[in-house]
Amino acid sequence: MGERSMSMFRRFVKDDSGATAIEYGLIAALVSVAIIVALGTLGTELGNTFNEVATQLSTANGGGGGAP
């Protein structure tokens, strides 16, 4: 190997910007997964709440569910 290629190899070994980009990518992926899980759970709970309210309203209305 020539001196120039050894110099390029040393710079490549010392360069950690690629590792930093990968770390930021992994952090972004983990945050995204956490948000998706949280929104999925929140959506399920919200759906259950609306179903419960609809059931209570239907019961309070005499169970007809339609216009009187």
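If you're wondering where the values come from, they're calculated on a predicted model, not measured in any experiment.

1. A look at the overall build of the chain
- When its secondary structure is counted, the chain shows two helices and zero strands.
- By residue count, 0% of the 68 residues in the chain fall in the buried class.
- Approximately 6000 Å² of the chain is accessible, and the part contributed by carbon and sulfur atoms is 67%.

2. Let's talk about a nonpolar patch on the surface
- On the surface, Tyr24, Ile27, Val31, Ile35, Leu39 and Leu42 cluster together into a nonpolar patch covering about 640 Å² of accessible area.
- One can find valine 31 in helix H2 (residues 17–60).

3. With respect to H2
- Taking 1.5 Å per residue as the helical rise, H2 with its 44 residues ought to reach 64 Å, and the 64 Å between its terminal C-alpha atoms agrees with that figure.
- At the C-terminal side of H2, glycine 62 shows a positive phi close to 90 degrees.

What counts, and at which threshold
Residues numbered from 1 in each chain as written. Predicted model: local features only at pLDDT ≥ 70, side-chain atom pairs only at ≥ 80, totals over all residues. Heavy atoms only, no water. Helix = DSSP H or I, 4+ residues; strand = E, 2+ residues; numbered from the N terminus. Buried < 20%, exposed > 50% of the residue type's maximum accessible area, 1.4 Å probe, protein only. Areas by Shrake-Rupley, 256 points an atom, 1.4 Å probe, with all protein chains shown as cover. Patch = residues over 30% accessible without salt bridge, like charges linked within 9 Å, V, L, I, M, F, W, Y side chains within 5 Å. Salt bridge = Lys/Arg side-chain N within 4 Å of Asp/Glu carboxyl O. Expected span 1.5 Å × (residues − 1).

On their own, these measurements won't tell you what the molecule is for.
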